[in-house]
Amino acid sequence: GQLSAQDIMERRLSDGLLRKLKFVSLGDAEGGVMATVEHMHEAAWAACGIPHKFVHRYSNVDEMCNSEVFSSEDFGGGSVYDATCQRLLMDKVHVLTEEAKAIGYVDTLSQQSGVVGDNTDWKGLYVSIKRLLDTDTDDEGNHDNKFALLLGSSGTNSDRAAAYAIKQLGLNVIYYHDTDVSCENGAHENMKEKYAAVILKDLTSPSEWNDKLGNGKLKVIISTLSSQSEPQIQPQLLKQKPIVCEMTETANYSPLLLQAESSGCDVIRGTEVMWEKGVAQFETWMGRSAPYKVMKTVVLDECLHKEQNDLDLEENVGGSGKRILGQRTG
């Protein structure tokens, strides 16, 4: 009879043709994000007939680096969530990718003749936004005149990944955060130095906004803030119909996204960035194309659809007929 995928996997394991690798999670993640990422990858591995598993969660870098799993020949890699752990790993891995060096933190570990530290946060954001930019018929012309507004959180890791993604998209960075807070850790200076960012000090000032943007076009707005701390966007910022993106994985029904949808803007929810990052991780670990639909379905089922059950969507989006939450073209 015909062998099932499970039978083929078990035969390859018994014949020594396939190794069962161990993966780990490091740090804390809010809203069940860590569990969802683990389930997403394990579902993808199962769909491909691969026996790998997440076997342990560590709370700090030393605990992980001193563990038997980390030093084992069967260590396959890991996902890193805590911001402090992400920065400390820069000095702990054997090799850093160019992206990790440029952005300044590690969120993905892989085993390639030594432990490699990579950054896939930027890739999840980049791919999500680029797909919509590629469908923009008004996207020809001078890139020097196209901008992305980054609503930042005091120069955190996510700010750096978002700014890097913006530059890779060929856009210029306009960076906003409370001046006093940002100046404490040099966030403004870092953004200006590394990404040639234009600093916006007052989001509510039409005159300052007009001065910073000039005759340019606002293509994208990215928020790395929690929905509770996001500022109200002035309606004039949405007139050019920028793509509005939440980078935080649990930000799916934030006031910013609802405001953007009601203004006719395309939106990218945190869940979309999550599965795109997962696809980038899978392909780094496996060296093959990821089962995209499987990974997307797990994230939607565990995050977006669960959240939808707790909300009255018609009340939130006003029955506007916009695209289904979490759905996208392509």
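Values in this document were obtained by computation on a predicted structure and should not be read as measured data.

A.B. asks: Would you take a moment to explain the confidence of the model for the protein for this structure?
C.D. replies: Regions with low pLDDT should not have their predicted coordinates read in detail. Averaged over every residue, the pLDDT of the protein is 84; residues scoring 70 or more account for 81%. Segment residues 312-330 is flagged for pLDDT under 50; beyond a separation of four residues in sequence, or across chains, it makes 34 contacts in the model.

A.B. asks: Got a minute to help me understand the environment of Leu200 in this structure?
C.D. replies: By secondary structure assignment, the location of Leu200 is in strand 9 (residues 198-200). Once the C-alpha coordinates of Leu200 and Tyr175 are considered, the two residues, 25 residues apart in sequence, prove to be 5.8 Å apart. Contacts of Leu200, omitting those with residues within four sequence positions, involve Leu149, Ile174, Tyr175, Tyr176, His177, Glu208, Trp209 and Lys212.

A.B. asks: Even after reading the chapter, I still don't get the packing of helix 7 (residues 121-133) against helix 8 (residues 157-168), so can you show me in this structure?
C.D. replies: Packed helix pairs are characterised by how far apart their axes lie and by the angle those axes make with each other. Packing of helix 7 against helix 8 leaves a shortest axis separation of 8 Å and a crossing angle of 45°. As summarised for this structure, helix 7 and helix 8 are arranged oblique, according to the angle between their axes. Between helix 7 and helix 8 lies a crossing of right-handed hand. In this structure, helix 7 contributes Asp121, Trp122, Leu125 and Tyr126 to the contact, and helix 8 contributes Ala161, Ala162, Tyr164, Ala165 and Gln168. Per-class residue counts for the contact of helix 7 with helix 8 are seven nonpolar, one polar and one charged.

A.B. asks: Before we go on, may I ask you to explain the nonpolar core in this structure?
C.D. replies: Across soluble globular proteins, nonpolar side chains have a tendency to be buried as a group. If you look at the biggest cluster of nonpolar residues, it comprises 32 residues, and the most contacted ones within it are Leu125, Ile129, Leu150, Tyr175, Met191, Val220 and Ile222. Elements represented by at least two residues in this core include exactly helix 7, strand 7 (146-151), helix 8, strand 8 (172-176), helix 10 (187-195), strand 10 (217-223) and strand 11 (243-246). Those residues in contact with Ile129, other than ones at most four positions away along the chain, are Leu169, Val220, Ile222, Ile243 and Ile268. Counting residues in hydrophobic clusters, the runner-up holds 26 residues, among them Cys48, Phe54, Val279 and Phe282.

A.B. asks: Is there a simple way to explain the packing of aromatic side chains in this structure?
C.D. replies: Remark: the centre distance and the inter-plane angle together describe each pair of aromatic rings, the angle taken between the planes. Under the counting rule described, the total for this entry stands at nine aromatic pairs. Consider the rings of Trp45 and Phe54, whose centres lie 5.7 Å apart with planes at 25°: the pair is stacked. Summarising the burial analysis for this pair, Trp45 and Phe54 share the class buried. Taken together, the ring pairs in this structure connect Phe23, Trp45, Phe54 and Trp285 into an aromatic cluster.

A.B. asks: Whenever I open this one, the side chain of Glu261 confuses me. Can you help?
C.D. replies: In this structure, Glu261 sits in helix 12 (residues 255-262). Residue Glu261 is classed as buried on the basis of its relative accessible area of 5%. In this structure the side chain of Glu261 is engaged in a polar contact, spanning 3.5 Å, whose partner is the side chain of Arg269.

A.B. asks: Help me understand helix 7 in this model?
C.D. replies: Side chains three or four residues apart in an α-helix point the same way, a direct result of the helix having 3.6 residues per turn. Helix length check: helix 7, at 13 residues, gives a terminal C-alpha distance of 19 Å against a target of 18 Å (1.5 Å per residue), a fit within 8%. For helix 7, every residue scored as buried is listed here: Asp121, Trp122, Gly124, Leu125, Tyr126, Ser128, Ile129, Leu132 and Leu133.

A.B. asks: How should the side chain of Thr271 be read in this particular structure?
C.D. replies: Turning to its location among the elements, Thr271 is positioned in helix 13 (residues 270-286). Residue Thr271 is classed as buried on the basis of its relative accessible area of 0%. Side chain to side chain, Thr271 and Asn252 meet in a polar contact 3.2 Å long.

A.B. asks: Explain empty space enclosed by the protein here, please?
C.D. replies: To find the voids left in a structure, one rolls a probe of water-molecule size over its atoms. Scanning the entire structure with this criterion turns up two cavities of 30 Å³ or more. Around the largest cavity, the lining residues are Val33, Val37, Met40, Tyr81, Glu249, Met274, Lys277, Gly278 and Gln281. For the lining of the largest cavity, the elements supplying multiple residues, two or more each, are helix 2 (33-47) and helix 13.

A.B. asks: Please clarify how the pattern of salt bridges should be interpreted in this entry.
C.D. replies: Under the defined criterion, the tally for this structure stands at 10 salt bridges. A salt bridge links Glu98 to Lys101, with the nearest nitrogen and oxygen atoms 3.3 Å apart. Here the residue Glu98 and the residue Lys101 both occupy positions in helix 6 (residues 98-103), the gap between them amounting to three residues, near one helical turn. On the basis of relative accessibility, which here comes to 56%, the residue Glu98 falls in the exposed class.

The rules behind each value
- Residues numbered from 1 in each chain as written.
- Predicted model: local features only at pLDDT ≥ 70, side-chain atom pairs only at ≥ 80, totals over all residues.
- Heavy atoms only, no water.
- pLDDT = per-residue confidence, 0-100.
- Contact = heavy atoms within 4.5 Å.
- Helix = DSSP H or I, 4+ residues; strand = E, 2+ residues; numbered from the N terminus.
- Axes fitted to C-alpha atoms, helices over the stretch in contact; angles between N-to-C directions.
- Parallel < 35°, antiparallel > 145°, perpendicular 65-115°, else oblique.
- Left-handed = near helix turned anticlockwise from the far one by under 90°.
- Nonpolar A, V, L, I, M, F, W, Y, C, P; charged D, E, K, R; others polar.
- Core = buried A, V, L, I, M, F, W, Y, C linked by side-chain atoms within 4.5 Å.
- Buried < 20%, exposed > 50% of the residue type's maximum accessible area, 1.4 Å probe, protein only.
- Phe/Tyr/Trp six-rings, centres within 6.5 Å; stacked < 30°, edge-to-face > 60°.
- Polar contact = N/O pair within 3.5 Å; in protein donor to acceptor, adjacent residues only side chain to side chain.
- Expected span 1.5 Å × (residues − 1).
- 1 Å grid on protein atoms, 1.4 Å probe; cavity = no way out; pocket = protein on both sides within 12 Å on 5 of 7 lines; lining within 4 Å.
- Points joined across faces, edges and corners; volume = space filled by probe spheres on them.
- Salt bridge = Lys/Arg side-chain N within 4 Å of Asp/Glu carboxyl O.

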